[in-house]
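Survey of secondary and tertiary structure
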Amino acid sequence: MPYSPEEYEALKAAYKKELLERKAWQEKMRLTALRRRAEWHLQQVKRSLAKLGLEESHSPLAAANRPLHDSHLPGPEPTPKASPSEAPTPEEKPDKTLF
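A short tour of the structure in this document, coming up.

Cut-offs and rules
- Residues numbered from 1 in each chain as written.
- Predicted model: local features only at pLDDT ≥ 70, side-chain atom pairs only at ≥ 80, totals over all residues.
- Heavy atoms only, no water.
- Helix = DSSP H or I, 4+ residues; strand = E, 2+ residues; numbered from the N terminus.
- Buried < 20%, exposed > 50% of the residue type's maximum accessible area, 1.4 Å probe, protein only.
- Salt bridge = Lys/Arg side-chain N within 4 Å of Asp/Glu carboxyl O.
- Expected span 1.5 Å × (residues − 1).
- Patch = residues over 30% accessible without salt bridge, like charges linked within 9 Å, V, L, I, M, F, W, Y side chains within 5 Å.
- Areas by Shrake-Rupley, 256 points an atom, 1.4 Å probe, with all protein chains shown as cover.

Of regular secondary structure, the protein chain possesses two helices and zero strands. Relative to its full complement of 99 residues, the protein chain shows a buried share of 4%.

Here it is in structure tokens:
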């Protein structure tokens, strides 16, 4: 037997400790990469909105970041939209879209 039971247990504990440290480091690097990728995509969206002349407050991202509990606050009444079967009149311009 190359190792005594005490030496074997010490080596096993050291290996487990090193494995846990390596996994923690890999998880930290994975989260860092995900955060950087998300920040890059956010900058791309902001840049695209700026090129289109839209403000950030009109973007879907800004709407998604708004708290949900604001719905009870008084505000402008929504205008009724035409049913899908009705065609828009020539005076009505379709809403701007990003695509």
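Looking now at the pattern of salt bridges. One pass over the structure, following the stated rule, counts four salt bridges. The salt bridge partner of Glu-9 is Lys-12, with a shortest N-O separation of 3.7 Å. With Glu-9 and Lys-12 both in helix α1 (residues 5-52) and three residues apart, this pair spans about one turn of that helix. For Glu-39, the salt bridge goes to Arg-35, with nearest N and O atoms at 3.9 Å. In this pair, Glu-39 and Arg-35 are both assigned in helix α1, four residues apart and thus about one turn of the helix distant. Judged by relative accessible area, which is 45%, Glu-39 ranks as partly exposed. A relative accessible area of 47% means that Arg-35 is categorised as partly exposed.

A word on α1. In a regular helix each residue adds 1.5 Å, so 48 residues correspond to 70 Å; α1 covers 70 Å between its end C-alpha atoms and thus fits that length. Just past α1, the residue Gly-53 takes up positive phi, approximately 80°.

Bringing a nonpolar patch on the surface into the picture now. Residues Tyr-3, Tyr-8 and Leu-11 make up a contiguous nonpolar surface patch of about 330 Å² in total accessible area. Position of Tyr-8 among the secondary structure elements: in helix α1.

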